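Breakdown of the fold
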Amino acid sequence: MPEVTARSTKLSDDGRHDHVYLAGVSMGHITSGEAITMDVDRMVTRTWIGERFFIKLPDGTEADVIAGKCPVCGLEPYFRTAADAENEQKLLELPPAG
Ligand SMILES: [Zn+2]
């Protein structure tokens, strides 16, 4: 199952906050284990065909990565996790993607 292990950010249009715009996804044993990157539209398309994306939280549980809205400016679709509090972005805690 695809685990999101990294993210890339870029500055938002208002210049005041960062947006996660690419997710680094490890496809597990299916490939060599190399992470690939995808934008939110590509992830959404793949969820339509039944793929599920998740991150591992520090406590060892998994949280689904979903399309939502930026909590700051409302941009959508936007990478969120099902475990995010309203103004929280757990994806920002992941390391930067290559
Ligand atoms: Zn925003």
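Here, every reference points to the structure presented above.
Along each chain, numbering runs from 1 in the same order as the chain's sequence is written. pLDDT decides what is reported in this predicted model: residues at 70 or higher carry local features, side-chain atom pairs at 80 or more are listed and counted, and totals for whole chains, interfaces and linings draw on all residues regardless.

1. A word on the pairing of strand E1 (residues 3-11)
Under the convention used in this document: Two strands are said to pair when DSSP picks up at least two bridges between them. Where helices and strands are cited, they refer to DSSP runs of H or I of at least four residues and of E of at least two residues respectively, numbered from the N terminus.
In this sheet, strand E2 (residues 18-26) lies alongside E1 in antiparallel orientation, the contact comprising eight bridges. Each bridged residue has a counterpart across the sheet, and for Ala6 the counterpart in E2 is Gly24. Remark: six residues form the turn of the hairpin made by E1 and E2, two consecutive strands paired antiparallel; Gly15 in that turn has positive phi of roughly 70°.

2. Some words on unusual backbone geometry
For residues other than glycine, phi is negative in most cases, and the peptide bonds are mostly trans. The residue after Glu76, namely Pro77, is reached through a cis peptide bond having omega -5°. For Pro77, the location among the structural elements is in the loop between strand E5 (62-68) and strand E6 (78-81).

3. Overview of the nonpolar core
The line we're drawing: Think of a nonpolar core as buried Ala, Val, Leu, Ile, Met, Phe, Trp, Tyr and Cys residues chained together by C-beta atoms that fall within 7 Å. Put simply, a residue is buried when 20 or more other C-beta atoms lie within 10 Å of its own C-beta and exposed when 12 or fewer do; between those, it is partly exposed, and each C-beta is set from the backbone. Here, residues touch in the contact sense if the C-beta positions derived from the backbone fall within 7 Å of one another.
Counting residues in hydrophobic clusters, the biggest one holds 13 residues, and the most contacted among them are Val4, Ala23, Phe53, Val65 and Phe79. Counting residues per element, the ones that place at least two in this core are E2, helix H1 (40-48) and E6. The greatest single-element share of this core, amounting to four residues, is contributed by E2. Not counting chain neighbours up to four residues away, the residues in contact with Val65 comprise Val4, Ala23, Phe53, Phe54, Ile55, Phe79 and Thr81.

4. Thoughts on the pairing of E5
With three bridges connecting them, strand E4 (residues 54-56) and E5 associate as antiparallel partners. When the bridges of E5 are listed, Lys56 appears paired with Glu62. Bridging between E5 and E6 involves four bridges; their strand directions are antiparallel. Residue Ile66 lies in a different strand from E6, and its bridge partner there is Arg80.

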